[in-house]
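# Geometric and topological summary
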Amino acid sequence: MPRLLLLRHAKSSWGDPGLADIERPLSPRGRRNAAAIARAIDAEGLMPDKILCSPARRTRETLAALLPYLSGEGRVAIEPKLYDSAHEDYVAAIARSGGEARTLMVIGHNPTIQATARWVAGDGEPGLVAEVAAKYPTGALAVIDMGQVGWGQVKPGSGHLAAFIRPRDLDPADSGDDGDD
């Protein structure tokens, strides 16, 4: 069964106000959270066959935490349409680039990653669905099982929200507010 993983980039830094938004790096907390979510993805057997990643520095640095766990060539594509876009652009990228992947990961930004999760996941444990709807913090991962739906047939409600993993689930000391970044 195809599985879609929607990962919001980890916490970014606002330390240099002169940087363009696309160039903002991860904060120290973001680097720790990215490493923790990468370990959790590996430990839970959720490692993707293919990854679509926004070109923003903070998404690429989040991706970098996963790279030590990946094997094989050609599994990562930097997808320009995942930066500063709408959920329709994310769904189009999934349809266009999912190919034969059994597990496809998209690393992107809010509010679009949250909107995509809400749009695709038609059902799931009600508490998880409510959590995704309420807040999609930096470094959070939605795991959506797609049943028999192929990447080109993703439609509203076509998936099942199987899990929602947040950095604070991995480290309760990391429950600070993470704002909009």
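Reading the values: the criteria
- Each chain carries its own residue numbering, running from 1 in the written order of its sequence.
- For this predicted model, a pLDDT threshold of at least 70 governs which residues receive local features, and a threshold of 80 or more governs which side-chain atom pairs are given and counted, while totals over whole chains, interfaces and linings are taken from all residues.
- Values reported for side chains reflect all heavy atoms of the structure, with hydrogen atoms and water molecules removed beforehand.
- Here, axes are lines fitted to C-alpha atoms. For helices the fit covers the stretch in contact, and angles between N-to-C directions go from 0 to 180 degrees.
- Per the convention used, a helix needs a DSSP run of H or I reaching at least four residues, while a strand needs a run of E reaching at least two, with both numbered from the N terminus.
- Put simply, angles under 35 degrees are roughly parallel, angles over 145 are roughly antiparallel, angles from 65 to 115 are roughly perpendicular, and the rest are oblique.
- In a left-handed crossing the near helix is turned counterclockwise from the far helix by less than a right angle, and in a right-handed crossing that turn is clockwise.
- By the convention used here, residues are in contact when the closest approach between their heavy atoms is within 4.5 Å.
- Under the pairing criterion, centres of Phe, Tyr and Trp rings, with the six-membered ring standing for Trp, must be within 6.5 Å; the plane angle then separates stacked pairs below 30 degrees from edge-to-face pairs above 60, leaving the rest tilted.
- Throughout this description, buried means an accessible area under 20% of the type-specific maximum (1.4 Å probe, protein chains only), exposed means over 50%, and partly exposed covers the range between.
- Charge-over-ring contacts are defined here by two conditions on Lys NZ or Arg CZ: a distance within 6 Å of the ring centre and an angle within 35 degrees of the ring normal.

## Some details on the packing of helix 4 (residues 112–120) against helix 5 (residues 126–134)
For the pair helix 4 and helix 5, interaxial distance at closest approach is 9 Å and the crossing angle is 150°. One element, helix 4, and the other, helix 5, form an angle in the roughly antiparallel class. The two elements helix 4 and helix 5 cross, and the hand of that crossing is left-handed. Here Gln114, Ala117 and Arg118 of helix 4 come into contact with helix 5, specifically with Val132, Ala133 and Ala134.

## Points about the packing of aromatic side chains
In total, this model carries one aromatic pair according to the counting rule given. Pairing Tyr136 with Phe164 gives two aromatic rings, centres 5.0 Å apart and planes at 65°, and the pair type is edge-to-face. Separated by 28 residues along the polypeptide, Tyr136 in the loop between helix 5 and strand 6 (141–145) and Phe164 in strand 7 (residues 159–165) bring together distant segments of the chain. Judged by relative accessible area, Phe164 falls into the buried class, the value being 6%. Seen from the ring of Trp14, Arg24 lies directly overhead, with NZ or CZ sitting 3.8 Å from the centre.

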